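Below, each chain spelled out in residue letters.
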Amino acid sequence: MSLEDPTKPELDAGETTEGVDYDALESLLGEYAIGRESHVNAEAFVVRPDEVQAALELLRAEAGFDHCSCVTAQEYEDRYESIYHLRKYDDPTQEVGVVVPTSRDDPVSESANEVYRTADWHEREAYDLVGIEYDDHPDLRRILLPETWQGHPLSLDYDQEQPQVVEFSEHANPLKEDHSGDAESDTMFLNIGPHHPATHGVLHLKTTLDGEQIADVESDIGYLHRCEEQICQNGTYRHQIMPYPDRWDYISAGILNEWAYARAAEDMADIDVPEYAQVIRTMSAEMCRIASHMLALATFALDIYGDFTAIFMYAMKDREIMQNLLEDLTGQRLMFNYLRLGGVAWDLPEPREDFFEQTRDFLDELPEKLEEYHNMITSNEIFQLRCVNTGVLGPDVAKSYGATGPVARGSGVDYDIRRDDPYGYYDELDWDVVTEQGCDNYSRVLVRMREVEESAKIIDQCVDLLEEWPEEERTIQSNVPRTLKPEADTEIYRSVEGAKGELGIYMRADGTDKPARFKIRSPCFSNLQTLPEMSQGEYIPDLIASLGSLDIVLGEVDR
Amino acid sequence: MSSDNTNTTETTQEARMGEGVDSRFNSTLREAFGSSPFILTKFDKFMNWVRGSSMFMLQFGIACCSIEMMHTYGVKHDLDRFGAGVPRASPRQADVIIVPGTIVSKFAPRMKRVYDQMPEPKFVVGMGSCTISGGPFQEGYNVIKGAEEVIPVDIHVPGCPPRPEALVYGVAKLQERIANGESAPVTVAPYELEQFGDLDDDELVQHLADQIDEEELVMRYDWAESPSP
Amino acid sequence: MTFTETISGLLPIAGPISDFIGGAVASLIIVSFLMSLVAVSGIWGKRKITAAFTDRIAVNRHGPFGLLIIVADAVRLLSKELIVPEGVDRPAWDLGPLVMASSALLGFAVIPMGTLFGLNLQVADPQAGLAYVFATASIASVGLVMAGYSSNNKYSMLGGLRAVAQNLAYEIPLVVTGVSVVLFAGSLQLSEIVAQQGQTLVSLGGVAIPSWYAFVNPFAFLLFMVANLAEVGRNPFDVPEAPTEIVAGWQTEYSSVYFVLCYLSEFIHIFLGGAIIATIFLGGPAGPFLPGFVWMVIKILAVYLFTQWARSAIPRVRIDQLIEIGWKGMLVLSFANLVLTAVIVGVIA
């Protein structure tokens, strides 16, 4: 977790041994930077809307900001604004923001798609929800809401009461004549989803097939767009937002998600978290990660093996144990709502010894169980035949799409926020970041299975710590004001390592007890974007396998 | 889907309402006999037992609740003990659709279509608060305030998400009701699928309506009219 | 004396009419038996077996061991609404499931099902019995294509095409491996093949090991089992259905009665596969103590259990890999097996 990679020959422009030198960056940007803002996480430079590409290209090529983490769009009384949150894969603590204001009358700014491929979907979302238009964007359509939607729901003058009409025919009719292009074409159009057993929820893939091979695939998302950002903007910082993160990535990753919000809000309002609470957070978060990876394994087995087979059921059985532990701790099986700003909701369940014992039992049995999974899955030759060298995602492609988490680590990108931008108790513990160089479906599955081992290591150390923690020092909650009202115009982007990758939160305060803008950077949203790269030219079963190995959760993709 | 245009005035909801056995249990035999003679009563009883005892579920996941639904099929809770644990991926072969999650504007027409593709008699279990009222997301601009705005629901299982035990109870309760020949009361939905908009039904409109393709139907969401928080 | 001859012998008349009636009655009895076998093992047994593989219990609320689920499932499926989707190619769509179900049933006409109460339960015993079985079993492919293309659904279409590609690739190794058995037996007549396996191969400590072809030529047995998995479409070769890829494959659009027929045909195919394996590799109805018929059923169910086991534990191969394994692996191996067998038989004889 060093800030500087010793193997790295030289520093990027604007980089010092201490981190980012923003003055140097400003002079690098030269006349592109027409202003400078201070966000809690990093400095941000204001750039003219028609110079976005040039400025971003400079930052990427010269200053080494190769990860466009998030694009936030928002509307002020007098202007629209797009913020590009940039950081480095080598060292995510080095961050910089690029703020692009546009006028209210003509909200057009240049697209960043040429520089960062990931900006494609982010900008479509900005257009859909806020109403900013992007020049040069390859395909500026609505992404989350139906094409027929009237208005942009996160803009200031949106009328939520107005009736909306959604056509049936918007969803391409699978029975219609569909030889795309001329009648001579050999391709066939096939809808996969939104109701399909392999889409892991309500994803819709518009695929063009050439025989059994994928000529083209386009993801159509938004079938689970539950207005999470709007709902968080209507909730108060202190209590009303925390239940919702559980429902973004609902595959038991609740505490990981809650932590994303807790981290952002705590940094924004300058709240300390007692060390004891940090250890509990770390432990419960890793429990969630195990439960989440187990389900990823189970559903991947579903995709490769067919209907509810043995592996699926075994993984479910093991998840059940994890859920019982989490239920003992938090009181709920799935939607924990356990973290509080400045700590956790309550201490470990009494009697503590029982809880520790059960946790230890699980950890003791885990290696044997993983061995069985390896026997049944990864060392099966047919499985290898299916997964090795299919769905290949090279590291550079993964980076340009902003892929994070097991997807990036399966492509050999050594990037884990827990280590690189430490929070909680992670930097005190002994564990490793798992990477695989294979870049294929097999590597991604393997990364998850090995991460389960690492998580078990972390939990084990946390249990040791908690067991010996002196009784009088068990503070689970620091003093937090009853109503939190961060200063107006405080802006922050903070991220944690969720189960699927970098889960970031952007918040802007306006002096009230509710955020003025709440933006979620979902790892699945970026990861799903890589699907066409992975599956073009491959077969339908590979597409399904790739989708399964991406381990997307539609609740988080659509938010 | 083969559609019978003479019958379009009866909504799905109306078909579920009223006295006695509802029309999804419709049998040509009963129509032939008119009233219900003894032998048909026994036959009905048998058929109700049959329908209540064995169910194929549609493999249908939407949101958070689908995780708990998988656990209900899974090792510990094993819904198959009740004869209701065979998931079918194709709606043509399913009897029960469990709606496990939030329904949003874009998905509602698709769900309606999937429901329409299932053969009668079909039953709906609404799982979780989102299918009752939109649940925690009710105030969202895009969220349908309950599954009943789109399809009729037989059993609601509240919770966010309901525990697997609760879903097992819900399914068992549905089986019990079917076995007793009880028809599901359906709460009044503020709008059904609108077919031809708000125009008066005159000759010209009728003529135009005949030319409308079924695929061109729209879902109309009138947020102001739908149940408010 | 075959079953048909036994029954027609009981009739007061003789000639073609009595033969016809005898055949019809005999077939009816065999078919009813198969139906009940499917009902028990296809509806109830399948759930219980899958549950056993996955640590569950499965149906236990309906009667003893949940056995009444058989009645409930069967009646419910038959009483469902039959949906005929728009744009289906009507005669083909209706005939598809029928062709599939009947092709498998036809195969059972020549299978020696063993004896029960002194009755030889074999409907007919033609000279070319084995050729007839392979011929009828492969008619099912026609049914699959009909179902696939006529459903007017792309998933069905893909499923149908996959099914044909798969059956073509695996039918040949299946038949060629079967021929190697014929070389041993010197006859295509199934009763003759069974009789040949009655001889003692070796005697180990007083226990006579019969010369079942599974023992004589285990390699051919293995090849046949694998090819048979592909024939009946079970993991790792269940690509025509592939529930997570193409929804339900060729049977996506079928509901109610037609779905029952599809379901039925699938299971009868598995049983036919089991019956062929039992007949040409496992000594047919031979076995100690129990009547031959019971042994036959046990052997068929053992093969059925094997397919269910494969289904629960083995991943599915991709369609192109499946074809590759079929044409480049199985075909070559099966011909090698045939040549080798021919040489051995030629040298010994």
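Whatever comes next refers back to the structure up there.
Analysis parameters
- Residues numbered from 1 in each chain as written.
- Chains lettered and ligands numbered in written order.
- Predicted model: local features only at pLDDT ≥ 70, side-chain atom pairs only at ≥ 80, totals over all residues.
- Heavy atoms only, no water.
- Core = buried A, V, L, I, M, F, W, Y, C linked by side-chain atoms within 4.5 Å.
- Buried < 20%, exposed > 50% of the residue type's maximum accessible area, 1.4 Å probe, protein only.
- Helix = DSSP H or I, 4+ residues; strand = E, 2+ residues; numbered from the N terminus.
- Contact = heavy atoms within 4.5 Å.
- Buried area = accessible area lost by both parts, 1.4 Å probe.
- Salt bridge = Lys/Arg side-chain N within 4 Å of Asp/Glu carboxyl O.
- Polar contact = N/O pair within 3.5 Å; in protein donor to acceptor, adjacent residues only side chain to side chain.
- Nonpolar A, V, L, I, M, F, W, Y, C, P; charged D, E, K, R; others polar.

Draft legend 1. Geometry of the nonpolar core. Residues Y84(A), L86(A), Y250(A), M283(A), M507(A) and I62(B) are the most contacted members of the largest nonpolar core, which totals 214 residues. In terms of residue count, the dominant contributor to this core is helix 6 (residues 275-305) of chain A (18 residues). Apart from the residues lying within four places of it in its own chain, the contact partners of L86(A) are L56(A), L59(A), F65(A), H67(A), C68(A), Q94(A), E95(A), V96(A), V98(A) and Y116(A). Within the second largest apolar cluster, 87 residues are counted, among which are L190(C), W212(C), A227(C) and I300(C).

Draft legend 2. Expanded view of the interface of chain C and chain B. Listed as interface residues are 34 residues of chain C and, on the opposing side, 32 residues of chain B. For the chain C and chain B pair, buried surface summed over both sides reaches about 2800 Å², with 56% attributable to carbon and sulfur atoms. Summed over the three residues of chain C that lose the most area to chain B, namely R56(C), R76(C) and K80(C), the buried surface amounts to 21% of that side. Put simply, chain C and chain B have 5 salt bridges between them. In this structure, the salt-bridge partner of R47(C) is D80(B), at a minimum N-O distance of 3.2 Å. Between the two partners, chain C and chain B, sit 17 residue pairs in polar contact (both at pLDDT 80 or more). Here the residues of the side of chain C that touches chain B are counted per class, giving 17 nonpolar, 7 polar and 10 charged.

Draft legend 3. Representation of the interface of chain A and chain B in the model. Between chain A and chain B, the contact holds 60 residues from the first and 52 residues from the second. Interface area, chain A with chain B, both sides summed: about 5000 Å², of which 62% is carbon and sulfur. In this structure, the connection of chain A to chain B is made through 4 salt bridges. Between R163(B) and E327(A) there is a salt bridge; the shortest N-O distance is 2.6 Å. Applying the counting rule to chain A against chain B returns 17 residue pairs in polar contact (both at pLDDT 80 or more). Among the elements that make up the side of chain A that touches chain B, the one with the highest residue count is helix 7 (residues 310-330) of chain A (9 residues). Here the residues of the side of chain A that touches chain B are counted per class, giving 32 nonpolar, 15 polar and 13 charged.

None of the figures reported here should be taken as evidence of function without further support.
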